[in-house]
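Given next are the chains, with one letter for each unit.
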Amino acid sequence: MKHISERELQLPEAQIGRLLKIAAEDKSIISMSVGEPDFLTPKPLLSYAKTIINKSTHYSPTSGIHELKEAIVKKLKKDNKINLSPENIMVSCGSQQAIFTALLSTVDPGEQVIIPNPSYLAYIPAIDLVNGTPIYFKLDQENNFEINPDKIKEVIDKKKSEVLIINTPSNPTGTVISKKILEEIADIAVENDLYVFSDEAYEKLIYDKKHVSIGSLNGMQDYVVTFHTFSKSYAMCGFRLGFAAGPKKLIEAMSKVSHYVVLAPPTLSQLIGVKALSLPNKYVNVMVKEYKRRRNFLVKRLNEINLETKMPDGAFYAFSSIKNYSNNSNNFAEKILKKAKVAVVPGTEFGRYGEGFIRFSYATNYSLIEKAIDRLEKFLKKKSNSLA
Ligand SMILES: Cc1ncc(COP(=O)(O)O)c(C=O)c1O
């Protein structure tokens, strides 16, 4: 047998993949596990796609077509108060590719990348794949999963720490980072000469608060790389389109790396991306209104059935404590999958401090959410003594 690399063998097996497979095979399961909008891509984009298919058969430049980069520059200025030029933009196959490429371009083996814990499940494997060392700072439920900047300071090693990743609104907690905390993080980055990778995948899926980009703060242009995606705001997951905005030199390095990995992002998706950025807000507003309705219902019901859940400010996740039933989120998720036929993601998928929690995605039809919680309520009432 030809061998598989150690690098690959050491990668964690994503539970979410296994859960999705089980949920797809057993139609009686209600899946609240996926991080993908249940909405269709806005109709004008789908109609437009049909008209440009013949223009989309060639490779694009590695860092993206100029027309899209110009549209992104305008978007960043208007939505994010970030003033950059097309040479500061690299278009990518989803923001995940951009984040991975940025890590490949900044982290040497053994160097440290500081991340919140719990946080988006792709960060740790990506850091491992570039032979970096992930270093965690804990987010506490008592503190609404907000970042405590002192905890970042505690884990910085001036010689080895290269990058700090933040994510607002957060997957899996839904927490939105305030301007005040972003300012403190910015000071820490400058003092310690750290890159800040700001993952803003859910920037438009925000309910009561305002989204602030750390890249808009004074003096941060040389330190911040901002990552955006078309997957969530425009329900364009399948088109695989995202981008990074950052210092010119780093963006050039990332484009060089990207050339050898994906060659270029899909031309068709980029042309649709230009159109997406010109859409009126009503398309995203419809989704946000419905996510908010689901959020309000879901969080109320979860608390009623003793799965303590704070009200998330953004994204489409509820992160619930299971402490009234169990201290093992993997076992708990497995049990409710098999017995209550509801699929959720165990908190440990998001890092070790996710233990004791499960993540619900409310990118799920309202009536299915109602049904799922009814099933859970029935199951937990019956089984509350035998779940530990
Ligand atoms: C926080 C966060 N960042 C990045 C991504 C990657 O999204 P995409 O590659 O589709 O842009 C996701 C996907 O769920 C996410 O939740």
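Just so you know, these numbers come straight off a predicted model, no measurement behind them.

Analysis parameters
Residues numbered from 1 in each chain as written. Predicted model: local features only at pLDDT ≥ 70, side-chain atom pairs only at ≥ 80, totals over all residues. Domains from an automatic or database assignment. Contact = placed C-beta atoms within 7 Å. Helix = DSSP H or I, 4+ residues; strand = E, 2+ residues; numbered from the N terminus. Nonpolar A, V, L, I, M, F, W, Y, C, P; charged D, E, K, R; others polar. Buried ≥ 20, exposed ≤ 12 C-beta atoms within 10 Å, placed from the backbone. Pairing = 2+ DSSP bridges. Near = placed C-beta within 6 Å. Expected span 1.5 Å × (residues − 1). Right-handed = clockwise from strand over helix to strand, strands pointing away.

### Describing the domain arrangement of the chain
Many structure descriptions define interface size as the accessible area lost when the parts assemble. According to the domain assignment, the chain contains domain 1 (6-41 + 282-383) and domain 2 (55-278). The gap between the C-alpha centroids of domain 1 and domain 2 is 25 Å. Taken together, the contact between domain 1 and domain 2 spans 35 residues of the former and 34 residues of the latter. Secondary-structure elements contributing two or more residues to the side of domain 1 that touches domain 2 are α11 (282-304) and β9 (317-321). Of the residues that constitute the side of domain 1 that touches domain 2, the class distribution is 18 nonpolar, eight polar and nine charged.

### Section: the pairing of strand β7 (residues 224-229)
Within β7, six of the six residues are buried, which leaves the element mostly enclosed by the surrounding structure. Here four bridges tie strand β6 (residues 195-199) to β7, and the two strands are oriented parallel to one another. Bridged to Ser198 within β7 is Thr226. With four bridges joining them, β7 and strand β8 (residues 242-245) adopt antiparallel strand pairing. In the strand pairing of β8, His228 is matched with Phe243.

### Quick look at unusual backbone geometry
Working note: non-glycine residues mostly have negative phi, and peptide bonds are mostly trans. Here the residue pair Asn117 and Pro118 is connected by a cis peptide bond, since its omega of 5° sits within 30 degrees of zero. One can find Pro118 in the loop between β3 (112-117) and α6 (123-129). In the segment running from Asn171 into Pro172, the intervening peptide bond is cis, with an omega of 20°. Position of Pro172 relative to the elements: it lies in the loop between β5 (161-167) and α8 (179-192). One non-glycine residue, Asn131, lies in the positive phi region at around 60°. Position of Asn131 relative to the elements: it lies in the loop between α6 and β4 (133-138). The backbone of Arg240 shows a phi angle near 50°, a positive value even though the residue is not glycine.

### Regarding the sheet that holds strand β12 (residues 357-361)
Taken together, three strands build an open sheet; the order of strands is β9-β12-β11 and the sheet is antiparallel. A single partner strand is all that each edge strand has here, and the edge strands are β9 and β11 (345-346).

### Here we look at the site of the ligand
Near the ligand there are 13 residues, and of these Gly94, Ser95, Gln96, Thr229 and Ser231 occur at the shortest range. Of the residues that constitute the shell around the ligand, the class distribution is three nonpolar, nine polar and one charged.

### Thoughts on α11
Look at α11: 33 Å from first C-alpha to last across 23 residues, which is about the 33 Å you get at 1.5 Å a residue. Within the sequence span of α11, burial applies to Met287, Tyr291, Arg294, Arg295, Leu298, Val299 and Leu302. Trailing α11 by a residue or two, Asn306 shows a phi angle of about 70°, which is positive.

### Observations regarding the pairing of β6
Among the five residues of β6, five are classified as buried, and the element is accordingly described as predominantly covered. With five bridges connecting them, β5 and β6 associate as parallel partners. Paired with Val163 across the two strands is Tyr195, which belongs to β6. Remark: the β5/α8/β6 crossover connection has right-handed handedness.

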